[in-house]
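# Topology and contacts: notes
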Amino acid sequence: MVKEMKPNWKVWSLSLHKHNYLILKLGVSILLVGLAFRLLFSRSNDFSIVTESTFLDEKTAIPRIPPVSVGFPENTDHFPRKDNAEKCDIFNGDWVPNLAGPAYTNDSCPLIENHQNCMKNGRPDTGYFYWKWKPRDCELTRFNAKRFLELMRNKSWALIGDSITRNHVQSLLCILSKVDLAVEVYHDEGYKSRRWHFYSYNLTISVIWSPFLAEATIFEDINGVSTSEIEIHLDRLDSNWTNLYQNLDYIIFSSGKWFIKTAIYYENTTILGCHYCPKKNITELGFGFAYRKVLQNVFKFIINSDHKGTVFYRTATPDHFENGEWFKGGSCRRTEPVKEGVFGLNELNIILRAIELEEFEKATVEAKKNGVNFKLLDVTGLSLLRPDGHPGPYRHFQPFAKNKDEKIISDCLHWCLPGPIDSWNDLVMEMVVNG
């Protein structure tokens, strides 16, 4: 510790004139040496960071193509930033190379379902690991599992929807389990609705199976084979989630894909119409009618509730079948992201997306009036650029082990874990922390 000097100015004044030049030279010399040391130290730190991040196994496949981008129409819901930009559309950006790779592996996370465990199932390429989503107008911080768990202490989350929702919750759990182990504390008979607890933080995360978000009777076996039309009550929301709603702090809803299936629609317990039922004497209303009706009821429930938490609606995700539909030999064999315009939304997805955006925009007006924290998690555009992220034939374990020409049904809808779906969690954290 340097003590403050109190010189005797009467004595010093006699010699100050004689020695001032020497003191000035000495002071300048010390200043220059200190500045040089500071610059050297700063440069050495920067160099060490770069070298640590760029040394990878020679066998690792690193993408070297330019960033790929997406520019969907401006979203209706923007989120304030703490940086220089007043507003930033985090859904408008590019996929850029990411040398760091995934936050977890199939070895480190035991929660990955077999159908999404692409590495275990024998997928040979790894390049799809090494990309991250980067908004054009701001920085998107990578999901910080430790910080998230601290922020969510004593909170409860639920992701409500279909199998893509289940895919998403596994991604989230895998990232968090690098810090604290997720312990399953509940599951239904078919393991479709489940709940996990992070005991160190008293955080619960649930996935609630509700593909229509409305009350529905589904006549399908485990392989998706139907024995009868689905029956959907458009005016009744699914009690599997409505009964739990008030006790949840954060909720991510999603739906869409299941509405494309053949179904009969009910209202007030009376048949109202159907989607694709040519052999029945029932009015054809189309899946768009039903999807809009249900979303209106879900959003009305959200707006009029006394819920004080945060609610997200995640947009529908595209599939990437090429050369046919899934039942006609369609496949997804790409190994890197594509540029904007290579893939477009098919007609069905265009209808779903239009309905989602229209109904959400109308709902946010009323939500703001009622003080409801309602946000749009728009993953459609960024997901459209990642045809490389699906299991494809590696939905099955070692599909070509016996015959390299084996005819395998590909999965070009769900996502490999780890994979592009992990970036959804970066978006969620950004919206929670800075939104």
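Residues numbered from 1 in each chain as written. Predicted model: local features only at pLDDT ≥ 70, side-chain atom pairs only at ≥ 80, totals over all residues. Heavy atoms only, no water.

Each neighbour pair has its own omega, and for L417 with P418 the value is -5°, a cis peptide bond. Here P418 is to be found in the loop between helix 7 (380–384) and helix 8 (423–433). Not every positive phi belongs to a glycine, and N202 is a case in point at roughly 50°. Residue position: N202 is located in the loop between strand 8 (194–198) and strand 9 (203–209). Assessed through its relative accessible area of 39%, N202 is described here as partly exposed. Backbone geometry at Y276 places phi at a positive 55°, although glycine is not the residue there. The topology assignment puts Y276 in the loop between strand 14 (270–275) and helix 5 (287–304). Residue classification places Y276 among the exposed residues on the basis of a relative accessible area of 57%. (Helix = DSSP H or I, 4+ residues; strand = E, 2+ residues; numbered from the N terminus. Buried < 20%, exposed > 50% of the residue type's maximum accessible area, 1.4 Å probe, protein only.)

For C88, the location among the structural elements is in strand 3 (residues 87–88). In the structure, C88 is positioned 49 residues away from D137 in sequence and 5.9 Å away in space, judged by C-alpha atoms.

By the criterion of burial, strand 8 is predominantly enclosed, with four of the five residues buried. Taken together, the four bridges between strand 7 (residues 183–187) and strand 8 define a ladder with antiparallel strand orientation. Across the sheet, V183 pairs through a bridge with H197, a residue of strand 8. Hairpin connection, strand 7 to strand 8: the antiparallel pair is bridged by six residues, and Y191 has positive phi, about 60°. The pairing of strand 8 with strand 9 spans five bridges and is antiparallel. Looking at strand 9, one finds that H197 is bridged to T204. Once strand 8 ends, the chain turns through four residues before running back antiparallel as strand 9, passing N202 with a positive phi of about 50°. (Pairing = 2+ DSSP bridges.)

Across the interface, helix 3 (residues 163–176) lies against helix 8 with an axial gap of 9 Å and an inter-helix angle of 75°. As the angle between them shows, helix 3 and helix 8 are arranged roughly perpendicular. For the pair helix 3 and helix 8, the contacting residues are I164, H168, S171, L172 and I175 in the first and W424, N425 and V428 in the second. (Axes fitted to C-alpha atoms, helices over the stretch in contact; angles between N-to-C directions. Parallel < 35°, antiparallel > 145°, perpendicular 65-115°, else oblique. Contact = heavy atoms within 4.5 Å.)

Strands sit in the order 7-8-9-6-12-15-16 across an open sheet of seven strands; the sheet is mixed. Two strands bound the open sheet, and with one partner strand each, they are strand 7 and strand 16 (373–377). In this sheet, adjacent strand axes meet at a mean angle of 15° when their direction is disregarded. For strand 12 (residues 250–253) and strand 15 (residues 310–314), the ladder comprises four bridges, and the chain directions are parallel. Note on strand 15: the bridge partner recorded for Y250 is T310. Packed onto the sheet, helix 3 meets strand 6 (156–161), strand 8, strand 9, strand 12 and strand 15 and runs at close to 160° relative to strand 9. Strand contacts of helix 5: strand 12, strand 15 and strand 16, with the helix running at about 170° to strand 15, the strand carrying the most contacts.

Let us now look at the packing of helix 5 against helix 6 (residues 347–369). In the contact formed by helix 5 and helix 6, the axes pass within 10 Å of each other and the chain directions differ by 25°. Taken as axis vectors, helix 5 and helix 6 run roughly parallel relative to one another. As helix 5 runs across helix 6, the sense of the crossing is right-handed. Contacts from F287, G288, Y291, R292, L295, Q296, F299 and I303 in helix 5 reach L348, I351, L352, I355, E356, E358, E359, F360, K362, A363, E366 and A367 in helix 6. Along the lines of polarity and charge, the residues of the contact of helix 5 with helix 6 split into twelve nonpolar, two polar and six charged. (Left-handed = near helix turned anticlockwise from the far one by under 90°. Nonpolar A, V, L, I, M, F, W, Y, C, P; charged D, E, K, R; others polar.)

The subject of this paragraph is helix 3. In this model helix 3 runs 20 Å from its N-terminal to its C-terminal C-alpha over 14 residues, within 8% of the 20 Å that 1.5 Å per residue would give. When you tally the buried positions in helix 3, you get 14 out of 14 residues, the bulk of the element. The backbone nitrogen of I164 lies 3.1 Å from a side-chain oxygen of the residue at the head of helix 3, namely D162. (Expected span 1.5 Å × (residues − 1). Polar contact = N/O pair within 3.5 Å; in protein donor to acceptor, adjacent residues only side chain to side chain.)

Next up on the list: the sheet that holds strand 11 (residues 230–237). Spatially, the four strands line up as an open sheet ordered 10-11-13-14, and their pairing is mixed. Across the chains shown, the open sheet's two edge strands, defined by having one partner strand only, are strand 10 (214–217) and strand 14. In this sheet, adjacent strand axes meet at a mean angle of 25° when their direction is disregarded. Both strand 11 and strand 13 (residues 263–267) contribute to a ladder of four bridges, which runs parallel. What sits directly across from I230, in strand 13, is A263. Running over the sheet, helix 5 touches strand 10, strand 11, strand 13 and strand 14 and is turned about 30° from strand 11.

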